[in-house]
Amino acid sequence: MYKELIQKLAAGTALTKEEYLALIRNREAVRDEAARLASEMRKHYYGNRVFIRGLIEFTNYCKNNCYYCGIRAGNSHVERYRLTKEEIWDCSDAGYQLGFRTFVLQGGEDAYFTDELVAEIVRGIKRRHPDCAVTLSIGEREYESYRMFREAGADRYLLRHETANCEHYEKLHPDNMSFEHRMKCLRDLKSLGYQVGAGFMVGSPGQTEEHLADELLFLKELQPQMVGIGPFIPHKDTPFGAEQAGSAELTTFLLSLIRLTLPNVLLPATTALGTIDPTGREKGIMAGANVLMPNLSPADVRKKYLLYDNKICTGDEAAQCIECLKNRIRKTGCDIVTDRGDFRITED
Ligand code: 5AD
Ligand code: FES
């Protein structure tokens, strides 16, 4: 019966909240079928190609205080750093040599990086590497800022909504952060023509299976080009330091459901998934994911960008990371490729 539901979803029929909920609750019975159909769906649009994005974590300063996040302003144990624009450009040069054709600039919400400075950094990367895509992941800003970045050449923007449920949002964030503003940001980004990435943590404190069913409905409605999900992992110096982590098994199942709900979505197997389970990223790819985001940040700052405890790949050189990933991914039957990996509307 649940298998039929999965097949219905794979055939393109929209599911109701109750149907998603039934699948989530009975996932053990359908996990394999879901992964099989999700892999087929991914193949249909993207073949066996897995895209890589070079992640440049350029500042761990953040004005916000999300209860889950290790680099929250209130965490005084963090050694703060900022890369200079030249260092960021050097990272992109090194990444280009390694084959990266997408750079993701990720950072906390850091006012030091004014709109003008961010735009200058984006322009610099695009001037050096006109064949590359630039993705920003620097949190909430206003429409006018997003417009400037787009004009400077930014192609994509990642802004996880974190939860589609307003009350739950308030349990994860202090009062000065607003669910409405986050949603407005996502709408603004879409209207400016960015390829937009939304997403949420799996197993964040207070999250229920019903919330997860709502996440899938929300994604179906929003139609983002990218969806980032990963297990919640507690960071010891945050208010959620003693909470339970999310699981790899639920995360991979949700990856399959997301692939089947948004067939051509760009879907990363995240570092958090690889942290909670040593073969999590491979499992993610086999469940329907098709993107990996290895770290391109200079080796000496990696251990300072810890959103959660025990984060993987904080020591290696970027070059080592990518070789290791290529070998691992080959075993899943997929291959890492080095094109820009834009969102596709057409089939393979
Ligand atoms: N565990 C897992 N993911 C986290 N993020 C932030 N803190 C954690 C954590 N403790 C995720 C959030 C954020 C993204 C950059 O990282 O979803 O949007
Ligand atoms: Fe920086 Fe959440 S703590 S945005």
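Residues numbered from 1 in each chain as written. Chains lettered and ligands numbered in written order. Predicted model: local features only at pLDDT ≥ 70, side-chain atom pairs only at ≥ 80, totals over all residues. Heavy atoms only, no water.

### Considerations on the overall build of the protein
Along the protein, the regular secondary structure elements total 14 helices and nine strands. Over its C-alpha trace the protein gives a radius of gyration of 19 Å, about what one expects of a compact globule, namely 20 Å for 348 residues. Here the C-alpha coordinates of the protein stretch approximately 55 × 45 × 40 Å along the principal axes. Residue burial in the protein is summarised as follows: out of 348 residues, 59% are buried. Of the contacts made within the protein by residues no fewer than 6 positions apart, 75% connect residues no fewer than 24 positions apart. Here the protein has roughly 14100 Å² of accessible surface; of this, 50% comes from carbon and sulfur atoms. The distance from the centre of the 46 positive side-chain charges to the centre of the 50 negative ones in the protein is 4 Å. (Helix = DSSP H or I, 4+ residues; strand = E, 2+ residues; numbered from the N terminus. Rg over C-alpha atoms; globule rule 2.2 N^0.38 Å. Buried < 20%, exposed > 50% of the residue type's maximum accessible area, 1.4 Å probe, protein only. Contact = heavy atoms within 4.5 Å. Areas by Shrake-Rupley, 256 points an atom, 1.4 Å probe, with all protein chains shown as cover. Lys, Arg positive; Asp, Glu negative; His and termini not counted. Charge placed at Lys NZ, Arg CZ, Asp CG, Glu CD.)

### With respect to the packing of aromatic side chains
The tally for this structure, following the rule as stated, stands at eight aromatic pairs. Measuring from centroid to centroid gives 4.9 Å for Tyr146 and Tyr157, while their planes differ by 70°, and the two rings are edge-to-face. Of this pair, Tyr146 sits in helix 6 (residues 143-152) while Tyr157 sits in strand 5 (residues 156-158), and the two are eleven residues apart along the sequence. Side by side, Tyr146 and Tyr157 carry an identical accessibility label, which is buried. Taken together, the ring pairs connect Phe58, Tyr112 and Phe113 into an aromatic cluster. Here the guanidinium or amino end of Arg82 rests over the ring plane of Tyr61, the centre of that ring lying 3.8 Å away. Looking at Arg150, its charged tip hangs above the ring of Tyr194, at a distance of 5.5 Å from the centre. (Phe/Tyr/Trp six-rings, centres within 6.5 Å; stacked < 30°, edge-to-face > 60°. Lys NZ or Arg CZ within 6 Å of the ring centre and 35° of its normal.)

### As for the side chain of Arg156
Mapped onto the elements, Arg156 comes out in strand 5. With relative accessibility at 0%, the residue Arg156 sits in the buried group. A polar contact of 3.3 Å, which involves the side chain of Arg156, links it to the side chain of Gln195. For Arg156, the side chain forms a polar contact with the main-chain oxygen of Arg340, separated by 3.1 Å. (Polar contact = N/O pair within 3.5 Å; in protein donor to acceptor, adjacent residues only side chain to side chain.)

### Looking at the pairing of strand 2 (residues 54-59)
When you tally the buried positions in strand 2, you get six out of six residues, the bulk of the element. Pairing analysis gives five bridges linking strand 2 to strand 3 (residues 102-107), with the strands arranged parallel. Paired with Ile56 across the two strands is Leu105, which belongs to strand 3. Since strand 2 and strand 3 lie parallel, the crossover through helix 4 (residues 85-98) that links them has a hand, and here it is right-handed. (Pairing = 2+ DSSP bridges. Right-handed = clockwise from strand over helix to strand, strands pointing away.)

### With respect to the side chain of Ser137
For Ser137, the position within the fold is in strand 4 (residues 133-137). Every residue in contact with Ser137, bar those within four places of it in the chain, is listed here: Val104, Leu105, Gln106, Gly107 and Leu158.

### Re the sheet that holds strand 8 (residues 291-292)
Strand pairing in a sheet relies on backbone hydrogen bonds. The paired strands run either parallel or antiparallel. Pairing is parallel in the open sheet, where three strands are placed in the order 8-1-9. Each edge of the open sheet is held by one strand with a lone partner, namely strand 8 and strand 9 (335-337). Two strands pair when backbone bridges link them, and strand 1 (residues 49-52) and strand 9 are joined in this way by three bridges, in the parallel orientation. The partner of Phe51 across the bridge, within strand 9, is Val337. Contacts from helix 14 (residues 318-330) reach strand 1, strand 8 and strand 9 within the one sheet, and its direction differs from that of strand 9 by about 135°. (Axes fitted to C-alpha atoms, helices over the stretch in contact; angles between N-to-C directions.)

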